[in-house]
Each structure stands twice: as C-alpha cells, then as structure tokens.
Amino acid sequence: TDINRPQTYVDAQDGNIVNDAVYAKIRTVEERFNTDIVLTEMSYLEENHVTVLKEAILAGDDCCDLAQGHDVNMANAAMEGLFINALDIPHLDFTKPWWPAATTESMTVAGQMYMMFNNIGYNNLAQTRVMYFNKKLMQELDFAYPYQMVYDGTWTLDSMMECARQALSDTNGDSKITAEDTVGMMYEVLTPESIVMGAGYHYVQNVGGKLTAMLEDQALVTLMQKISDFLQEDCVVRDGHGSTFDAEMSINNGTFLFYNPCTFNLAGLRDLPYDYGILPMPKNDEAQESYIGYSQPWASACPSIPITVVGDRLAMTGTLTDAMAAYGYDYLRPAVFENVIQLKGARDEKSGEIIDMMFENITFELTSILNFDRLNGQLQEHFTRALGKKDIVSRYAAIKSKTEAAITAIEEQY
C-alpha cells in the first residue's frame, strides 16, 4: 500500500485486511446514512495537488465535501482562508475519543481549527515515529531487551544513550566508523525532533490557542544541547542526504543498535535476517508521566472542509465525517495495529503491547507544518549539516524577530 497517499477510500475488497477495513468503513457509512461516498483524486502524488484544490475552491467549484493532502501543503491553503473552522461545523463532536483531545487542542489556534487529526484513514497511524532496536545485536552485547524499562517507566534518553555508547565497536580495526562497524544509533533529519517531542517539549508551544516560541526556554535549550552533543559522538551516524555512511548496508548487515523509523516503514524491514523490537521514544527522565509518540506531517493527512460546503451540505458533511472518524477508531485502527504495525512490523507480543501504549498519547510539532519563517529549516540544519557548528541560543537569536513576527502573522490569519 502506498502510504504517501491518504488512505481513506477503497472501492473494492482485495483480501488485504486493512484495505478491506477501509472498504467496510465506506460501505457501512453509506448504508447507514443513505448516501454515496466518491473519491476524486487531484494528482495527489504530484506537487501541484493542493494547487489544483485551491484553484477549484477559489472558482467556487463543488469539487469535494472533504479534502485531504499532506499537512504541510494543506496548512498553506488554510492560511489563505480556503477551509472552514471545524469547531463550527454541525455534528462534529470533538469530545469523543475518535478525535484525540491532545491533537485537537494543538491544532486549534486562536479558536480556529482547519485540519482534523483522526483515524478516518490510516496515514496518521503510519507516520508515528518509534525507536527500533536490533535484537541480535542486543543479545551479542549481552544487554537485556529494554521492554521492562518501558513498563517500569525507566526507558529514558539517558538509558538509550548509554546503550548506544556501549554498542560502538570498530569491528574491522581501521580506526574509522563505517557500515562494517557496529554503531549505537542511526538517525535522520526528523530523529532529533522525535526525541524532543518524546521528551515532552515543543519548539513552538500552543497553550489555549496562543503560540509561543520556546527556543529561549532553558530546559529545552539544555535538552537540545544534550541531543546535539550525543549526535556528534562516534557511536551515532546519520542516514540521509549529505551523509557518507552506508545506512542500507548497516541495516542489511544488522550492524546498528537503534534506528528511528515511522511505524509503516517497519513493514519494509520485516524480511531482514534478524529480529528487531519496537520501543516508544524515550522519556526525558523518569519523572515524565507518560511516553509520547510524535506524528510527522510529511505524509499524514488531516482532512479539511472547503468553504464551498454550505447549508444542508455542511451539516451532512459534519455527520459523515464524524461517522467515518468513529468507524475508523473502532475498526480501522485495530486492523492497522494488529495486521500491519504489530504482526508485520513487530515480531513479538511485547512490541505490540508497546505500540498500543504509544498511540494513547500522540503529538506533533506546529513548526514542521507552519514553518514560522525560517525556524523549521534552521532547526533541521542545526542537527544535520551544521551539527556542532553553532549553539541553538545563537542560532535562534539571529532569527528571533522574524520567527515572532511570523507567529503573530499566522495567529492573525487564523
């Protein structure tokens, strides 16, 4: 299944348990409300898919009642006033469990919410990041699997870092760290963000609809410096553009201990010749109340309702959207957990239990969606191409005024 597309609609059963659950959702809602649900694709895999949608809405075209696209692109359309405030739409009940309270609160800015996080499709489940560990290497190092630490609440950033440090080994003895050697962790551009969010922090915090940049908060600055220092240690290597490390070889050979993929990326790893386990993102410390899952915005798909939907159609759309979200929560979500993430992605019962635990507390980062001028790019560069070259305090000071101006402008647009 192509997880880069919004998986909300299937027009026929095909024997795939998850696809059949999506199909059943569509048919059940159609029958219950005596309506037809039809999918119109707007060149989704092309960069212009939101442009096509914008043009249709601005022309007054009744192109759709419910629109989906990559969150980072749909947010731009929302800024242009093309969607309705979901909090004003009849029959959408955001007190229900199929509308996660934490994400609903995070996405509400200045009393307005234009994108709805839910389980109508399964992209949002697919894009939650986990900490994957190599069981074979854990055994070779005589480490206990960290599952009990998770249950005890002691799976923390410090414990993960210490395991990673102990895993490092210059296997071929050439004094260089390559894919032939054993490394503690491979990371990519969104790993630092996943760690920060998992530790309970945000770059831009939303409190009661008011946005505040947190890059001067001492606790966050300390955490970011700790992460930056760790990423510069020999036990850590980067997977991604600009890195010379052969991540594919390391994955195939099993020469790494930790990796940080999305849940659905795990399906592509299940044919590896060694077993792996799944852990939540580590807590900042043992005092942190719960584990937090980070949902990245690049291929997630939070639906929006265009301003062209009015009158009785708007009430109908609210009813059907709420019904699909409820069905997705009760039936699609378990199908995804049991048949994709757990059984195909996780190879043991404890990993499956931990995945259930992770999805009880999902968050995301508004900076990744709204950018706030140069803030998002600067943060990503800080942990990748410019790692160790400049402290975050100095980096943020150079863009503070523009960041704050961008936040103010976005609040006014909302």
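Our subject is the structure listed above.
Everything in this summary refers to the structure shown in the same document.

## Re the pairing of strand β5 (residues 210-213)
Okay, so step 1: In β5, alternate side chains face the same way, and those of Leu211 and Ala213 are buried while those of Lys210 and Thr212 on the opposite face are not.
Okay, so step 2: Here strand β4 (residues 204-207) pairs with β5 via 4 bridges, running antiparallel. Looking across to β5, one finds that Val204 is bridged to Ala213.
Okay, so step 3: The antiparallel hairpin formed by β4 and β5 contains 2 residues in its connecting segment, where Gly208 sits at a positive phi of about 60°.

## Overview of the sheet that holds strand β9 (residues 293-295)
Okay, so step 1: If you trace the 3 strands from one edge of the open sheet to the other, you get β1-β9-β10, paired in mixed fashion. The open sheet is flanked by β1 (128-129) and β10 (362-363), the only strands paired with a single partner.
Okay, so step 2: Examined bridge by bridge, β1 and β9 share 2 bridges and lie antiparallel to one another. Within the sheet, the bridge partner assigned to Thr128 lies in β9 and is Ser295.
Okay, so step 3: Each of β1, β9 and β10 touches helix α9 (residues 191-198); the most contacted strand, β9, lies at about 130° to it.

## A short note on the layout of surface pockets
Okay, so step 1: What the second largest pocket holds in volume is close to 290 Å³.
Okay, so step 2: Elements with a contribution of two residues or more to the lining of the second largest pocket: α4 (101-106), β4 and β10.
Okay, so step 3: A per-class count over the lining of the second largest pocket returns 8 nonpolar, 7 polar and 1 charged.

## Some thoughts on the sheet that holds strand β3 (residues 183-187)
Okay, so step 1: The 5 strands are arranged β6-β3-β7-β2-β8 in an open sheet whose pairing can be described as mixed. What marks the edges here is a single partner per strand, and that holds for β6 (236-238) and β8 (276-279). With strand direction ignored, the average angle separating the axes of adjacent strands in the sheet is 25°.
Okay, so step 2: The strands touched by helix α8 (residues 157-167) within the sheet are β2 (131-134), β3 and β7 (256-259), with β7 carrying the most contacts at an inclination of about 150°.

## Comments concerning empty space enclosed by the protein
One water molecule sets the probe size; rolling that probe over the atoms shows where empty space is left.
Okay, so step 1: In the structure shown here, the tally under the stated rule is 5 cavities of 30 Å³ or more.
Okay, so step 2: Approximately 60 Å³ is the volume found for the largest cavity.
Okay, so step 3: Ala75, Met107, Tyr114, Met115, Phe364, Leu366, Ile369, Leu370 and Tyr414 together form the lining of the largest cavity.
Okay, so step 4: For the lining of the largest cavity, the element with the highest residue contribution is helix α14 (residues 366-370), accounting for 3 residues.

## A word on the packing of α9 against helix α10 (residues 218-231)
Okay, so step 1: α10 packs onto α9 with a crossing angle of 140° between their chain directions and a minimal axis gap of 11 Å. As the angle between them shows, α9 and α10 are arranged oblique. Crossing geometry of α9 relative to α10 is assigned as right-handed. Facing Pro192, Ile195 and Val196 of α9, the residues of α10 in contact are Leu220, Leu223, Met224, Ile227 and Leu231.
Okay, so step 2: Tallied by class, residues from the contact of α9 with α10 come to 8 nonpolar, no polar and no charged.

The rules behind the values
Residues numbered from 1 in each chain as written. Predicted model: local features only at pLDDT ≥ 70, side-chain atom pairs only at ≥ 80, totals over all residues. Heavy atoms only, no water. Buried < 20%, exposed > 50% of the residue type's maximum accessible area, 1.4 Å probe, protein only. Helix = DSSP H or I, 4+ residues; strand = E, 2+ residues; numbered from the N terminus. Pairing = 2+ DSSP bridges. Contact = heavy atoms within 4.5 Å. Axes fitted to C-alpha atoms, helices over the stretch in contact; angles between N-to-C directions. 1 Å grid on protein atoms, 1.4 Å probe; cavity = no way out; pocket = protein on both sides within 12 Å on 5 of 7 lines; lining within 4 Å. Points joined across faces, edges and corners; volume = space filled by probe spheres on them. Nonpolar A, V, L, I, M, F, W, Y, C, P; charged D, E, K, R; others polar. Parallel < 35°, antiparallel > 145°, perpendicular 65-115°, else oblique. Left-handed = near helix turned anticlockwise from the far one by under 90°.

Everything listed is a geometric property; what it means functionally is a separate question.
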